[in-house]
Amino acid sequence: MKIGFIGLGNMGAPMAANLAKAGHEVTGFDVAGTTAEGVTSAASAVEAVQGKDAVITMLPNGDILRTVAAEIIPAMRKGAVFIDCSTVDVDSARAAHDLAAEAGLLSVDAPVSGGIGGAAAGTLTFMAGGSEASFEAAKPLFDIMGQKAVHCGEGGAGQAAKICNNMILGISMIGVCEAFNLADKLGLSRQSVFDVVSTSSGYCWSMNAYCPAPGVGPQSPADNDYKPGFAAELMLKDLRLSQQAADSVGAPTPMGARAMELYEAFVGEDGKGKDFSAMLPRLSKMARR
Ligand code: NAD
């Protein structure tokens, strides 16, 4: 396939490189001038998408997605598929679907889980929203860049699934960090907390797979001085998106709202550039109020 790829950042560059490695003809563009292995650079976004069978965007936020979509969709070939893999608000995702439909394109919102490691290894999970035909058109590309693609429903459903998942993640990480800190103060060893909880009803990904306590459980950013991994500011971005979505439909999310406040305070003080699991050393330093 001929593929245009817009946004060759931490995630986009390895994703585009994997498509090229699989034998596709990939043309990329990034305002920062970044490139990716095996990918031909275009002078503009429009040049990157002209005549392509599929166009993928991997951009920082919904405003940028709207701007880029408005620029490139009119330049795309009718019948091609537009795939946005960025994490954005549901409204921006739907706006991009509308533009694509008006232009006679197939379109999928397909945010990912798996981080930079998953992007490099081609093991991302894609959460997709759009028509059945759009999903089927994009699926062969998801299969190269990832290990699983779930068709969640119509346009916007992929973003909805992503923010629901990451709202749970933010809440559960804080819960696990609180439990370790409480256990410290009660004189329990962190290893015993892990051994019990990881095989009891408190088990969850934040404890079992991404343990925030250094030296306990499988290797995680805690074992690397809390270098991300998944940065606290990205967790905050996703928690904000979850609250924006909850506001728009009037859904009560009291724990999601509190998790957002806690990550806002963390990022605003000293959490920027640290992994989101560094909530544990932060709590360890805090007094009970
Ligand atoms: P990044 O900032 O490294 O990459 C974004 C790229 O988009 C940058 O290179 C930037 O120059 C480019 N860009 C910005 N405006 C542009 C424009 N108008 N035209 C062309 N290029 C433009 O971010 P990232 O870590 O690669 O994340 C990308 C998206 O994936 C975000 O929405 C993020 O929330 C999501 N995501 C990231 C991770 C992660 O672990 N990094 C995990 C899951 C999802």
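Predicted model, so just to flag it, every value in this text is computed and none were measured. Within each chain, residues carry numbers counting from 1 in the order of the written sequence. With pLDDT at 70 or above as the cut-off, local features in this predicted model cover only qualifying residues; side-chain atom pairs require 80 or more to be listed or tallied, and sums for whole chains, interfaces and linings still use all residues. Side-chain descriptors were evaluated using all non-hydrogen atoms of the structure, hydrogens and water having been removed beforehand.

Some points on the UniProt feature "domain: 3-hydroxyisobutyrate dehydrogenase-like NAD-binding" (unreviewed entry) in the protein
- UniProt positions are given in the numbering used here, feature names are shortened, and annotations may be inferred rather than shown by experiment. Listed under "domain: 3-hydroxyisobutyrate dehydrogenase-like NAD-binding" (unreviewed entry) in the UniProt record, and renumbered for this structure, are residues 156–280.
- Secondary structure is summarised from DSSP: a helix means a run of H or I of at least four residues, a strand means a run of E of at least two, and numbering begins at the N terminus for each. For residues 156–280, the end-to-end C-alpha separation is 33 Å, with 63% helix and 0% strand making up the annotated structure.

Re the packing of aromatic side chains
- Each Phe, Tyr or Trp ring, with Trp reduced to its six-membered ring, pairs with another whose centre is within 6.5 Å; inter-plane angles below 30 degrees give stacked pairs, above 60 give edge-to-face pairs, and intermediate values give tilted ones. Following the criterion strictly, the structure yields 7 aromatic pairs and no others.
- With 5.4 Å between their ring centres and 75° between their planes, F230 and F276 make a pair best called edge-to-face. Separated by 46 residues along the polypeptide, F230 in the loop between α9 (205–208) and α10 (232–249) and F276 in the loop between α11 (254–271) and α12 (279–285) bring together distant segments of the chain. Judged on exposure class, the residue F230 and its partner F276 are both buried.
- Here Y263 and F276 contribute two aromatic rings whose centre-to-centre distance is 6.4 Å and whose plane-to-plane angle is 35°, an arrangement assigned as tilted. Placement of the pair is Y263 in helix α11 and F276 in the loop between α11 and α12, with a sequence separation of 13 residues.
- Taken together, the aromatic side chains of W205, Y210, F230, Y263, F266 and F276 make up a single cluster linked through ring pairs. For every residue, the accessible area (1.4 Å probe, protein chains only) is compared with the maximum for its type, and the residue is labelled buried under 20%, exposed over 50%, or partly exposed between those bounds.

Quick look at the domain arrangement of the protein
- What fixes the domain bounds is an automatic or database domain assignment. Per the domain assignment, the segments of the protein are domain 1 (2–154) and domain 2 (160–285).
- Centre-to-centre separation of domain 1 and domain 2, based on C-alpha positions: 29 Å.
- By definition, residues are in contact when any of their heavy atoms lie within 4.5 Å. The interface of domain 1 with domain 2 comprises 11 residues on the first partner and 8 residues on the second.
- Basic side-chain nitrogens of Lys or Arg form a salt bridge, by our definition, when they fall within 4 Å of a carboxyl oxygen of Asp or Glu. Counting the contacts that link domain 1 with domain 2 gives 0 salt bridges.
- Two N or O atoms count as a polar contact when they lie within 3.5 Å, although within protein this holds only if one can serve as hydrogen donor and the other as acceptor, and sequence-adjacent residues are included solely when both atoms are side-chain atoms. Summed over the shared surface of domain 1 and domain 2, the number is 3 residue pairs in polar contact (both at pLDDT 80 or more).
- Note that Gly is not counted as nonpolar here; it falls among the polar residues with everything else outside the nonpolar set of Ala, Val, Leu, Ile, Met, Phe, Trp, Tyr, Cys and Pro and the charged set of Asp, Glu, Lys and Arg. Of the residues that constitute the side of domain 1 that touches domain 2, the class distribution is 7 nonpolar, 3 polar and 1 charged.

Focus on helix α1 (residues 12–21)
- Across the 10 residues of α1, 9 count as buried, placing the element largely inside the fold.
- Within the span of α1, buried status applies to G12, A13, P14, M15, A16, A17, N18, L19 and A20.
- Among the structural elements, β1 (2–6), β2 (25–29), β4 (54–57), α5 (115–121), β8 (124–129) and α6 (132–145) are those in contact with the buried residues of α1.
- Two residues or fewer past α1, G23 is found with a positive phi of approximately 105°.

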